[in-house]
Every structure is written in C-alpha cells, then in structure tokens.
Amino acid sequence: MMQAVFKPINWLWFLGALVAGGIIHILAVFAAADLATPLTTPLENAATVNSMTVLPAVSAATQIMPFQSGDLRYAVCPFDLSGGPLILKASFGEGPWTVVVFDRSGAMLYSTTNTELQRRDATLILARTSETRAASLPISRQAAATNITVNLPQARGVAWIQAPVLGVGYEAETERLLEQASCEPVGGFIAGDAPAPTPP
Amino acid sequence: MLENQPVGDTDALVLRYHAAPAEHHVARWRPSTTRTLRDYFSALVQTSWPRLHVPGWSRLVQSLAVRAMRRAIARTLGVLLRIAVAGTVAIVLGLGSAWYFIDVGSGLTVGASGPWRIWSAAGRPDADPYTRAHFARLGWLSLASTEVQTYAASIDSEGRKLYADCEYDVIGPIPDAQWWSLAVFNPRGELLDVPADRHVISRGTIVPDSGGRMVIRLASDARPGNWLPTLGGNAMVLVLRLQGSVIPGGGRGENTIPVLPVINQLSCR
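Report on the accompanying structure. (Residues numbered from 1 in each chain as written. Chains lettered and ligands numbered in written order. Predicted model: local features only at pLDDT ≥ 70, side-chain atom pairs only at ≥ 80, totals over all residues. Heavy atoms only, no water.)

1. Looking at the interface of chain B and chain A
Then step 1. Taken residue by residue, the interface counts 59 residues in chain B and 52 residues in chain A.
Then step 2. Among the residues chain B hides against chain A, the three largest losses belong to R82, L141 and W179 of chain B. Together they make up 18% of the total.
Then step 3. Note that R241 of chain B and D71 of chain A form a salt bridge whose closest N and O atoms lie 3.8 Å from each other.
Then step 4. One can count 13 residue pairs in polar contact (both at pLDDT 80 or more) joining chain B with chain A.
Then step 5. Contributing elements (two or more residues each) for the side of chain B that touches chain A: helix 2 (57–103), helix 3 (129–138), strand 7 (177–185), strand 8 (200–202) and strand 11 (237–245) of chain B.
Then step 6. Tallied by class, residues from the side of chain B that touches chain A come to 36 nonpolar, 14 polar and nine charged. (Contact = heavy atoms within 4.5 Å. Buried area = accessible area lost by both parts, 1.4 Å probe. Salt bridge = Lys/Arg side-chain N within 4 Å of Asp/Glu carboxyl O. Polar contact = N/O pair within 3.5 Å; in protein donor to acceptor, adjacent residues only side chain to side chain. Helix = DSSP H or I, 4+ residues; strand = E, 2+ residues; numbered from the N terminus. Nonpolar A, V, L, I, M, F, W, Y, C, P; charged D, E, K, R; others polar.)

2. Brief notes about the packing of helix 2 (residues 11–34) of chain A against helix 3 of chain B
Then step 1. Direction vectors running N to C along helix 2 of chain A and helix 3 of chain B enclose 50°, while the axes themselves pass 7 Å from each other. By the criterion of interaxial angle, the relationship of helix 2 of chain A to helix 3 of chain B is oblique. Considering only the axes of helix 2 of chain A and helix 3 of chain B, their crossing is left-handed. Of helix 3 of chain B, the residues touching helix 2 of chain A (which contributes H25, V29, F30, A32, A33 and D34 of chain A) are P129, Y130, R132, A133 and A136 of chain B.
Then step 2. For the contact of helix 2 of chain A with helix 3 of chain B, the per-class residue count stands at eight nonpolar, one polar and two charged. (Axes fitted to C-alpha atoms, helices over the stretch in contact; angles between N-to-C directions. Parallel < 35°, antiparallel > 145°, perpendicular 65-115°, else oblique. Left-handed = near helix turned anticlockwise from the far one by under 90°.)

3. As for the pairing of strand 5 (residues 148–153) of chain B
Residues and elements named next belong to chain B.
Then step 1. Most of strand 5 is tucked away, with five of its six residues classed as buried.
Then step 2. As paired strands, strand 5 and strand 11 are joined by six bridges and run antiparallel to one another. Paired with Y151 across the strands is L240, a residue of strand 11. (Buried < 20%, exposed > 50% of the residue type's maximum accessible area, 1.4 Å probe, protein only. Pairing = 2+ DSSP bridges.)

4. Regarding unusual backbone geometry
Then step 1. Even without being glycine, F67 of chain A reaches a positive phi, approximately 60°.
Then step 2. As for its position among the elements, F67 of chain A is in the loop between strand 1 (53–54) and strand 2 (72–80).
Then step 3. Residue class for F67 of chain A comes out buried when judged on its relative accessible area of 8%.
Then step 4. Unlike most non-glycine residues, D197 of chain B shows phi in positive territory, near 50°.
Then step 5. By secondary structure assignment, the location of D197 of chain B is in the loop between strand 7 and strand 8.

5. With respect to a nonpolar patch on the surface
Then step 1. Taken together, the side chains of W11, L12, F14, L15, L18, V19, I23 and L27 of chain A together with L81, V85, V89 and L93 of chain B make up a nonpolar region of the molecular surface, amounting to roughly 1200 Å² of accessible area.
Then step 2. Secondary-structure elements contributing two or more residues to the nonpolar patch are helix 2 of chain A together with helix 2 of chain B.
Then step 3. A per-element tally of the nonpolar patch places helix 2 of chain A first, with eight residues.
Then step 4. Inspection of the secondary structure puts L81 of chain B in helix 2. (Patch = residues over 30% accessible without salt bridge, like charges linked within 9 Å, V, L, I, M, F, W, Y side chains within 5 Å. Areas by Shrake-Rupley, 256 points an atom, 1.4 Å probe, with all protein chains shown as cover.)

6. A few points about the nonpolar core
Then step 1. In terms of nonpolar packing, the biggest core is built from 31 residues, with L43 and W160 of chain A touching the most fellow members.
Then step 2. Elements with a minimum of two residues in this core: strand 2, strand 4 (98–103) and strand 8 (156–164) of chain A together with helix 3, strand 7 and strand 11 of chain B.
Then step 3. Counting 28 residues, the second-largest nonpolar core is a separate cluster that includes A153, A164, Y168 and L260 of chain B. (Core = buried A, V, L, I, M, F, W, Y, C linked by side-chain atoms within 4.5 Å.)

7. A word on the pairing of strand 6 (residues 166–173) of chain B
The side chains of a regular strand alternate, residue by residue, between the two faces of the sheet.
Residues and elements named next belong to chain B.
Then step 1. Most of strand 6 is tucked away: seven of the eight residues are buried.
Then step 2. Both strand 6 and strand 12 (residues 262–268) contribute to a ladder of six bridges, which runs antiparallel. Residue D169 lies in a different strand from strand 12, and its bridge partner there is N264.
Then step 3. Relative to strand 9 (residues 213–219), strand 6 is paired through six bridges, and the arrangement is antiparallel. Its bridge partner lying in strand 9, P173 is registered against R213.

8. A closer look at the environment of N45 of chain A
Then step 1. With respect to the helices and strands, N45 of chain A occurs in helix 3 (residues 41–46).
Then step 2. As for N45 of chain A and W160 of chain A, which are separated by 115 residues in sequence, their C-alpha atoms are 14 Å apart.

9. Quick look at the sheet that holds strand 6 of chain B
All names here are of chain B.
Then step 1. Read from one edge of the open sheet, four strands run 10-9-6-12, paired in mixed fashion. Both edges of this open sheet fall to strand 10 (226–229) and strand 12, since each of them pairs with a single strand only. Direction aside, the axes of adjacent strands within the sheet are offset by 20° on average.
Then step 2. In this structure, strand 9 lies alongside strand 10, joined through four bridges in parallel fashion. Counterpart to R217 in the pairing with strand 10 is W227.

10. Comments concerning the side chain of N226 of chain B
Residues and elements named next belong to chain B.
Then step 1. Position of N226 among the secondary structure elements: in strand 10.
Then step 2. Engagement of the side chain of N226 in a polar contact is seen with the backbone oxygen of V215, the distance being 3.1 Å.
Then step 3. Sequence-distant contacts of N226, defined by excluding residues within four places in its chain, comprise R198, I201, T205, I206, V207, V215, I216 and R217.

11. A short note on the pattern of salt bridges
All names here are of chain B.
Then step 1. All told, the structure shown has 17 salt bridges over all chains when counted by the stated rule.
Then step 2. D156 is the salt-bridge partner of R160, the closest N and O atoms lying 3.0 Å from each other.
Then step 3. Judged by its relative accessible area of 33%, R160 falls in the partly exposed class.
Then step 4. One salt bridge connects E167 with R217, and the closest N-O pair in it is separated by 3.1 Å. Of this pair, E167 sits in strand 6 while R217 is found in strand 9, placing the two residues 50 residues apart along the sequence.
Then step 5. Taking the relative accessible area as the measure of exposure, E167 reaches 14% and is therefore buried.
Then step 6. Salt bridges sharing common partners tie together E167, D169, R217 and R223.

12. Details of the state of the cysteines
Residues and elements named next belong to chain B.
Then step 1. Counted under the stated rule, the structure contains two disulfides over all chains.
Then step 2. Covalent S-S linkage joins C166 and C268, the inter-sulfur distance amounting to 1.8 Å. Residues C166 and C268 share a disulfide whose torsion about the S-S bond is about 100°; that sign makes it right-handed. Placement of C166 in strand 6 and of C268 in strand 12 is noted, with a sequence separation of 102 residues between them. (Disulfide = S-S within 2.5 Å.)

The following block contains the structure:
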C-alpha cells in the first residue's frame, strides 16, 4: 500500500505541474501588472483634477512618488476628460523642459521637449481619441491646426511639466514659469481663435 | 473466539473463527497494535452481517473485498499525494519564476552594463507585462525609455551589494546627454533622509575633474568635490537618468547602452 502511495511521480504528472506552473506564472505576472494601484494615484492625491499644481522641490520630506529625483521640478495636472477636452499651456525656461502625458497605468502616451518644439511655449489639447475621430472637438479648425492635439485612448491620466534644476540662480524663474502653466477644460475658450477686439 | 494468525507473505492477520454461529453477533473489533484493514473488515462483516460470515467462503470474499478496498484507498491517496506534490511544485515554480522575472528581469526585458541595469521597455504603452509589473510593483512612474534612459544599480562593479554605510566612488565619462542625474535611494525608491538634504548630482551641479570625467563620492561624512551623502547601514540603489542622450547604434539591446561609470567600493564601516 505504501509503495502505491509513494509511487514516483511519472512524467505526465511532471508535465502537468509544469503546465500548471506556467499558467500560475502568467496569471501572477498579469495580476501584478494590471491589478496594482494606478501609478498615478500619488499625483492624483497631491493635485486637483483638471488644474495645474506645482509640486514642491523634491526632498526626503516632500517626495511624492518612488524614485522621484531631486534634479527636476514638476507641475502636475491629473486630468479627467469625461467632461470634454483640456487645454494645457506651458512656458519653457533654460535647459530641457519636458511635457509628458501618462495614462493611469503609467504608460507614457505623449512627450515633447522644448528642444523638439524649438519654442519657448506650447499649447496642448488633450482629447479622447473618440472625440478627435468624430471631429467633435469644441475648438476651431485654426486652433486644432496650430496647437498640438494629443489623442488619448482613456479619459483619465496625468500630465506633467518637468523642469531641470539648473542651480540656485534659476530657481525663481523656474518656479515662476511652472506656476504660469495651466491645465483647464476647453469650456468657452477656443484656443487659437482671433482675439476679441480690444474695447476702445 | 478470535485468534490472530500470521499469514504467509503479507503482514496481515487473518481472523480465524472457531466460535459457534450463535456467538457471531457478539464478535466485536478489538483494538490491537497489530490490527490491519483486513482485521477491521472482518470484524465489521461479523458484526453487521453475521449470517454472511461463512467460514472459508466468507474469508475469500473478505480477502478480495479488503484487497480491493486497500487498492482503492492506496490509489486515492496516491492521486491526492501526486496532486499535492504537483500543485506545490506548480505554485512554487509559477510564483517563484514570476517574482524573479518581475524583480530581476531577463535578457529580453533588461539590458545590463556592469552594475547598471535598464528595463528597455520602461514607460512605453507597448511594454511587456513583466516591465509593467516591475514598475507597478515599485510604484515607479517612469518616462518612456525612448525619451529617458533610466539605469539602476544595486551592486558595485565587483558585484557586491551597495550599502549606505560603505563609501563608494562613481567614476566615468560625463554622460553625453542633454540632461543627466545620479541619485541615491533606498530599495523602495525613497530618498535617504540625510541631514545635508542633498540627494542628486546632475549635469547642472557636477564639477568635472581635471580630466573632464565625473568622480562622485558616496559617503556618510562630507567629502570635497562631488559628494553624495548616504545614511544608515541599509541597502541602497543608485539611479542614473540620461535624457536626450546620444546612443550608439540607435536601436534596442545591449549594444545601445552607452559607456556608464564604474562603482568602486572604497571602504565599509
């Protein structure tokens, strides 16, 4: 009887264990990748949705995200496009400034730098792919042509502007430019339209 | 009266029945240190169905039934044991390999140059599930590797783990990048709570040595030059970020990693 119980595991069982192990491996990897807390959660907690918030200079006490480096300053805009597209405006200073858009899972959907744009400022229209496909953006054609339209597959995510910390002499200017940055629903503002005539 | 008698090639005991039929119903299983399944079955038959218990014939039936039962139980136990062993192997293998490929990575997901490692699909929308799981586990919101190359080192150039109570030199050419930085964290990605509140050396703050190289000293006490303070005795991770760097080859893989600095351990407390 004991011999029958402890009969060596044959190859079929071994193969079964390998297949089951493979299935467990795949499920564990996908669970770790897709069921984790959204990577943008700390930023969503630290800033107001659909508005730009300048994060404090990074130190051990003010660090919000893991591996957030102190050589950069950030202005962050957690967005929710379910109410319509957003307009993000940024002005750039010295060094490589970057505008980045992430989805909630941490995938970078868009980025651009001042050196790529060869400009001192940028206006981005963040819109859902479905809206841009249907050409239903509440902006003029001129605005759509002159500004950068970022098509996003999901309604929620985070956009940020990161600026390099060049040194003490640049701190005030960097802070000022980050605070000038904005992120707001398109609403009545139609980017790129002719300015309203100035009253006499 | 029951009498135990050893039987030939098995260790079983056959119950011999010498009592009169009228006494059958009083036969009971008696605990014994040498009892077997066959004993039990025999006693059960005698107790429950005394009329079936015909000496000779019933012994054969009992023997066959007991053997069948033993075989069934052994088979069931064997199957259960195999399921348990195979299940344990599957769980250990599945979860262990998942943890390894998420934490450490493989040649398909991670590029290496000395102690520096880079997840080549970091931050990309088409990143493989191992890369996504790695960054999700760490909570690390990283720019795509096409924009910023992020190298992490948790060992020195001789393969020893980095500890905050040791002193290190990070020596190499100044990275050919629009922007770069070298920062020190604990393995959870938190900045070390050093009194100097200095956690990073970047392109904006580096002072090259006379040969134009970067020499960064990691130590708990202040050092002249490019000093990056450490604190405590726990493990630490160095993170080197290169933005807009010129990558030889221009593609993915081992040959796209630029020359990175070496990490030399000087002393430990």
